[in-house]
Amino acid sequence: MKKIKSFRKKILSAVLSLTMLAATLPTNFTFAKEDNESDLKLDNGYITAVVSKDNGGFMIRTAEGDKISKSDDNKDLLFHSDLDDTSFTSFQVTRNGDTKEYIFGGEYEGSSDVTVSQANNELTAVWSVDNIVFTQTLKLVNSGSDEHGMVYISYQAENQGEPADIKARVLLDTALGQQDYAYYRIGGDTVGAERTFGSDGYDKTFYAYDDPFAPQIVAYIVNASIADAECKPYQMKVAHWSNLASTVVDQETDSDLTFTNPNNRKHLTADSATALYYDLGNVAQGAESMAAFNYGVFSHENVDAGTQATFDVTAPDALELTEDMTAYKDNGVFSVVSNVKNISDKT
């Protein structure tokens, strides 16, 4: 059945919360529209990324997806409709004790238009507000990389004003094909209700899947590396989309609210989303700070078609040194995450 949910229908379930949000939303803000002829696109045959030229909003879908799994071909990994997309990134900026919140691409006093461009196999959207230039970059992970089949998404903040503490929230409106919610596998747990995780809530990667018993579509989030160090969110949330989308940055999760149940007590819709929270730190005038992550599938581009099982390993790209540069952090102990998929008819 073709999904018919639009942003307007989704927002009705959060209308009471959005009333409180009205003061911080930009007056003319609209979420990214479905890709059209004027949008910019990257496609490597496995994964596709599309960026709106209107406001820099993006959506991600598979092409071939996982080479050895036909069930995930040409499937959305983020929700979108004919009217709007519903994933967006927001920022919290604090100067001299005064905190302001902004949604990327919105219209605020003194904000710029969004400039979107495509060059060197990257899609870049640049937008400024409050003397800070924010740059969103999407690029496809290179062939041969462990994360091939994913989209590398980064945000850079260049501060042209007084020093500022800057935080970012990336809201991903999870969709797997025509199913507008997911079950999440995080730190060994299957999660179907709202939950908040700290920086140690998962080891480098977690994933969303459409069915906890017989998954056909799986989407992964893998922490990226910046300057040879893992970029870890200080907080991550999985929640009902309406609860997350009714806030700009901060949101209180409700552990009793299931987002996989169409009869849940609050919204009467099954609808999930992920929020990644990054602390860009205190950014001095003229300085820059950055956050990044990967989203998509493991393509298994070099796996033979007759393979019966796959084994994917995620581990740190490098070990971090302590501040005095005399030892490795955590005494050099690190985690290795493995995902095994049996695609044969045998157990």
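So, how was this worked out
- Residues numbered from 1 in each chain as written.
- Predicted model: local features only at pLDDT ≥ 70, side-chain atom pairs only at ≥ 80, totals over all residues.
- Heavy atoms only, no water.
- Helix = DSSP H or I, 4+ residues; strand = E, 2+ residues; numbered from the N terminus.
- Buried < 20%, exposed > 50% of the residue type's maximum accessible area, 1.4 Å probe, protein only.
- Contact = heavy atoms within 4.5 Å.
- Areas by Shrake-Rupley, 256 points an atom, 1.4 Å probe, with all protein chains shown as cover.
- Pairing = 2+ DSSP bridges.
- Axes fitted to C-alpha atoms, helices over the stretch in contact; angles between N-to-C directions.
- Salt bridge = Lys/Arg side-chain N within 4 Å of Asp/Glu carboxyl O.

Draft legend 1. Just the overall build of the protein chain, in detail. Scanning the protein chain from N- to C-terminus turns up three helices and 22 strands. With 347 residues in all, the protein chain has 52% of them scored as buried. By sequence separation, contacts in the protein chain at least 24 residues apart represent 66% of the contacts at least 6 residues apart. Summing over all exposed atoms, the protein chain offers an accessible surface of approximately 16200 Å²; the carbon and sulfur share of this is 46%.

Draft legend 2. Just the sheet that holds strand β1 (residues 40–43), in detail. Spatially, the three strands line up as an open sheet ordered β1-β2-β3, and their pairing is antiparallel. The open sheet has two free edges, formed respectively by β1 and β3 (58–62), since each of these has just one partner strand. Across this sheet, the average inter-strand angle for adjacent strands is 15 degrees, counted without regard to direction. Sheet topology places β1 next to strand β2 (residues 47–51); four bridges connect them, and they run antiparallel. Bridged to Lys-41 within β2 is Val-50.

Draft legend 3. Examining the pairing of strand β7 (residues 122–129) more closely. Pairing between strand β6 (residues 115–119) and β7: five bridges, direction antiparallel. The residue bridging Thr-115 from the neighbouring strand is Val-126, located in β7. Once β6 ends, the chain turns through two residues before running back antiparallel as β7, passing Asn-120 with a positive phi of about 55 degrees. Pairing between β7 and strand β8 (residues 132–140): eight bridges, direction antiparallel. Bridge assignment links Leu-123 to a residue of β8, and that residue is Leu-138. Remark: two residues form the turn of the hairpin made by β7 and β8, two consecutive strands paired antiparallel; Asp-130 in that turn has positive phi of roughly 55 degrees.

Draft legend 4. Local environment of the pairing of strand β19 (residues 272–283). Among the 12 residues of β19, nine are classified as buried, and the element is accordingly described as predominantly covered. By the bridge criterion, nine bridges tie strand β10 (residues 164–172) to β19 in an arrangement that is antiparallel. Each bridged residue has a counterpart across the sheet, and for Ala-164 the counterpart in β19 is Val-283. In this structure, strand β18 (residues 235–240) lies alongside β19, joined through six bridges in antiparallel fashion. Following the sheet pairing, Val-238 is matched in β19 by Thr-274.

Draft legend 5. Highlighting the pattern of salt bridges. Evaluated as defined, the whole model comprises six salt bridges. Across the salt bridge formed by Arg-95 and Asp-130, the nearest N and O atoms sit 3.0 Å from each other. One end of the pair, Arg-95, is in strand β4 (residues 88–95); the other, Asp-130, is in the loop between β7 and β8, and 35 residues separate them in sequence. Residue classification places Arg-95 among the buried residues on the basis of a relative accessible area of 12%. Using a relative accessible area of 22% as the deciding quantity, one classes Asp-130 as partly exposed.

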